[in-house]
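# Structure at a glance
Each chain is listed here by its residues.
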Amino acid sequence: YAKANAVENVEIIIIDNNSQIPYSLEQYNVDKIIREEKNLGVPKSILRSSEVASGDIIVFIHNDVYIHEYGWDQRISNAFQNDNNLAISGFFGATGVLPDGGRHHSMSNMLGIVGGTGAEIHGSIMQDVAPVSTLDGLCIIFRKDIIKNLELEKLPPHHWYDRIIPLQAIKMGYNVNIIGIGFD
């Protein structure tokens, strides 16, 4: 879905965190597979992806996300071009954080076409661009040159990174938003 719905030629890299059955180039329509000897966890995988990716914008996405919207890559490029202070974006986010760490006022353009539910089940439908304070790890988009400024190596391997990283960026004076791209 990602390549088929992209306007430009996007580079797709799999970070294989020591899966039991290694990924292969023949099996997937990707440009590179980086196989790690152990599971790095998400924050360190983000760091690793920034070392091997050639583009200025890195879309770190779970392998079960389907991008339905044609031109999604151009919408991302435009969002970063239109806001020089934008450091991080995503497909699903929230304007606030609840006392228990939960997201307050979640928004997305999750369509519910393939294997899931629509955005209205999880919050509100958002199809434009909106500022947020937290994201969902299903898709986090980085301006590559700010990744080195984040303290990703200090984060837990799998949980809360999608709340901590955006808040780190905001604390550093950067902007964080979501782009209402149609996905599941």
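Preceding block: the structure.
Just so you know, these numbers come straight off a predicted model, no measurement behind them.

Conventions and cut-offs
Residues numbered from 1 in each chain as written. Predicted model: local features only at pLDDT ≥ 70, side-chain atom pairs only at ≥ 80, totals over all residues. Heavy atoms only, no water. 1 Å grid on protein atoms, 1.4 Å probe; cavity = no way out; pocket = protein on both sides within 12 Å on 5 of 7 lines; lining within 4 Å. Points joined across faces, edges and corners; volume = space filled by probe spheres on them. Helix = DSSP H or I, 4+ residues; strand = E, 2+ residues; numbered from the N terminus. Nonpolar A, V, L, I, M, F, W, Y, C, P; charged D, E, K, R; others polar. Phe/Tyr/Trp six-rings, centres within 6.5 Å; stacked < 30°, edge-to-face > 60°. Buried < 20%, exposed > 50% of the residue type's maximum accessible area, 1.4 Å probe, protein only.

### Points about the layout of surface pockets
If you add up the space inside the largest pocket, you get close to 1600 Å³. Lining the largest pocket are 45 residues, with Ile12, Ile13, Ile14, Val59 and Ile61 positioned closest to its centre. Contributions of two or more residues to the lining of the largest pocket are made by β1 (13–16), α1 (42–52), β3 (57–61) and α2 (72–82). No other element matches the five residues that β3 contributes to the lining of the largest pocket. When grouped by side-chain class, the residues that make up the lining of the largest pocket number 24 nonpolar, 14 polar and seven charged. Every residue lining the second largest pocket is listed: His62, Asp64, Val65, Tyr66, Met110, Val114, Gly115, Gly116, Thr117, Leu138, Phe183 and Asp184. For the lining of the second largest pocket, a count of residues per class yields six nonpolar, four polar and two charged.

### So, the packing of aromatic side chains
With the rule as written, the count across this model stands at three aromatic pairs. Where Tyr23 meets Tyr28, the ring centres are 5.2 Å apart and the plane angle is 50°; that geometry is what we call tilted. Looking at Tyr23, the relative accessible area reads 26%, which means it is partly exposed. Residue Tyr28 is classed as partly exposed on the basis of its relative accessible area of 34%. Arranged with centres 5.4 Å apart and planes meeting at 40°, the rings of Phe91 and Phe183 form a pair that is tilted. Of this pair, Phe91 sits in the loop between β4 (86–90) and β5 (92–97) while Phe183 sits in the segment after β11 (175–179), and the two are 92 residues apart along the sequence.

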